Amino acid sequence: PPIDPMSVTFRSATGGMSPSGPVLSRRMSDLEGLFADTAAWQEARDGADPVVYEVASSPVPEAPGELPQSITTIHPGAVGGEFHMTKGHQHPNPQGEIYFGLSGTGGLLLFDGTTPKWIPMSPGVIGYIPPGWAHRSVNTGDEPYRFLAVYPGDAGHDYGWVLEHGMGWRVRRGAGEPQLVPFQSE
Ligand code: S6P
Ligand code: ZN
């Protein structure tokens, strides 16, 4: 059923939305195969199994013509030197998506299967994901990194593509700036 015009309030202290749809929580145990250092990942999983990121969704449904929104909070940290990140996905029905930085420091890693791109993200930055580019978000700072995403309701989410093709680069903690390391060198 179509939904009525509405406003959604961003709860800046928690990254929540009001009113809210589903809130999804991804723990270390949910992120098998993502981090290059498998032993470090297993240790984190078998230990505290921390929440790595959370995704709060607005009540707008994932349906054709609608524009669902979500707020992702990636908690700070690294696994074997590789920064905390989202699983990453492709939209099987290729359409653009908009990200808007809300708090903290991070980046948007994009990959079209050939060339990786890196967009540094901070509060106020709009990151644009063109159709056909897989995308993953990374927290490169020491506080929660939070952003708004707005995407077409019939875009769909394909997580297998990233597991098969990677994202071109891995994002590692460096002395200063985050290091972008070619995926193949791991
Ligand atoms: C949805 C949008 C974001 C991500 C979220 C979690 O199209 O790109 O809301 O879903 O950042 O990432 P992932 O890769 O686990 O879905
Ligand atoms: Zn997306």
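Residues numbered from 1 in each chain as written. Chains lettered and ligands numbered in written order. Predicted model: local features only at pLDDT ≥ 70, side-chain atom pairs only at ≥ 80, totals over all residues. Heavy atoms only, no water.

So, about the coordination of the zinc ion (ligand 2). Taken together, His 89 (NE2), His 91 (NE2), Glu 97 (OE) and His 135 (NE2) make up the protein donors of the zinc ion (ligand 2), found 2.1 to 2.3 Å from the metal. With six donor atoms in place around the zinc ion (ligand 2) and angles of 70 to 174° between them, the coordination shape is octahedral. Read in sequence order, the donor residues for the zinc ion (ligand 2) give the motif H-x1-H-x5-E-x37-H. Of this pair, Glu 97 sits in strand E8 (residues 97–103) while His 135 sits in strand E12 (residues 134–139), and the two are 38 residues apart along the sequence. (Donors = N, O, S within 2.8 Å, 3.2 Å for Na, K, Ca; no water. Tetrahedral: all angles 85-135°; square planar, octahedral: opposite > 155°, others 65-115°. Helix = DSSP H or I, 4+ residues; strand = E, 2+ residues; numbered from the N terminus.)

The rolling of a water-molecule-sized probe over the atoms marks out the regions of remaining empty space. By volume, the largest pocket amounts to about 480 Å³. Listed by contribution, the elements that provide at least two residues to the lining of the largest pocket are strand E3 (23–27), strand E4 (51–57), strand E5 (69–74), E8, E12 and strand E13 (145–150). Here the residues of the lining of the largest pocket are counted per class, giving 14 nonpolar, ten polar and five charged. (1 Å grid on protein atoms, 1.4 Å probe; cavity = no way out; pocket = protein on both sides within 12 Å on 5 of 7 lines; lining within 4 Å. Points joined across faces, edges and corners; volume = space filled by probe spheres on them. Nonpolar A, V, L, I, M, F, W, Y, C, P; charged D, E, K, R; others polar.)

There is a patch of nonpolar side chains on the surface, built from Ile 98, Phe 100, Ile 126 and Tyr 128 and spanning about 390 Å² of accessible area. Counting residues per element, the ones that place at least two in the nonpolar patch are E8 and strand E11 (126–129). Tracing the sequence through the fold places Phe 100 in strand E8. (Patch = residues over 30% accessible without salt bridge, like charges linked within 9 Å, V, L, I, M, F, W, Y side chains within 5 Å. Areas by Shrake-Rupley, 256 points an atom, 1.4 Å probe, with all protein chains shown as cover. Salt bridge = Lys/Arg side-chain N within 4 Å of Asp/Glu carboxyl O.)

This brings us to the sheet that holds strand E9 (residues 106–111). Either a parallel or an antiparallel arrangement is found when strands of a sheet pair, and the pairing is made through backbone hydrogen bonds. Read from one edge of the open sheet, three strands run E10-E9-E12, paired in antiparallel fashion. Either end of the sheet is taken by a strand with one partner, and the two such strands are strand E10 (116–121) and E12. Between one strand axis and the next, the sheet turns by 20° as a mean value, whatever way the strands run. As judged from the six bridges shared by E9 and E12, these two strands associate in the antiparallel manner. Residue pairing for E12: Phe 111 is matched across the bridge by Ala 134. (Pairing = 2+ DSSP bridges. Axes fitted to C-alpha atoms, helices over the stretch in contact; angles between N-to-C directions.)

Turning our eyes to something else, we now look at the packing of aromatic side chains. Considering all chains together, one arrives at three aromatic pairs under this definition. Through pairs of rings, three or more aromatic residues link up here, namely Tyr 99, Tyr 145 and Phe 147. Sitting over the ring of Tyr 159, Lys 87 keeps its end group 5.2 Å from the ring centre. (Phe/Tyr/Trp six-rings, centres within 6.5 Å; stacked < 30°, edge-to-face > 60°. Lys NZ or Arg CZ within 6 Å of the ring centre and 35° of its normal.)

Here we come to the pairing of strand E15 (residues 179–182). Pairing of strand E14 (residues 169–172) with E15, which is carried by four bridges, proceeds in the antiparallel orientation. Pairing of Val 171 across the sheet is with Leu 180, part of E15.

Turning our attention to the site of ligand 1. If you check the shell around ligand 1, you find 17 residues, and the closest are Tyr 53, Ser 70, Thr 72, Tyr 99 and Tyr 159. Take Glu 97: an N or O atom from its side chain is 2.9 Å from an oxygen atom of ligand 1. In the environment of ligand 1, an oxygen atom lies 2.5 Å from a nitrogen or oxygen atom belonging to the side chain of Tyr 159. Starting from 390 Å² of accessible surface for ligand 1 in isolation, the protein chains cover 95%. When atoms are counted within 2 Å of each cavity's grid points, the one that captures over half of ligand 1 is the largest pocket. (Near = heavy atom within 4 Å. Polar contact = N/O pair within 3.5 Å; in protein donor to acceptor, adjacent residues only side chain to side chain. Sits in = over half its atoms within 2 Å of the grid points.)

Leu 31, Phe 35 and Tyr 99 are the most contacted members of the largest nonpolar core, which totals 30 residues. Within the residue set of this core, elements represented by two or more residues are E4, E9, E10, E12, E13 and helix H2 (160–165). When residues in this core are grouped by element, the largest group, four residues, is from E9. If we skip the residues at most four places from it in the chain, Phe 35 touches Met 28, Trp 41, Val 79, Glu 82, Phe 83, His 84, Met 85 and Arg 170. (Core = buried A, V, L, I, M, F, W, Y, C linked by side-chain atoms within 4.5 Å. Buried < 20%, exposed > 50% of the residue type's maximum accessible area, 1.4 Å probe, protein only. Contact = heavy atoms within 4.5 Å.)

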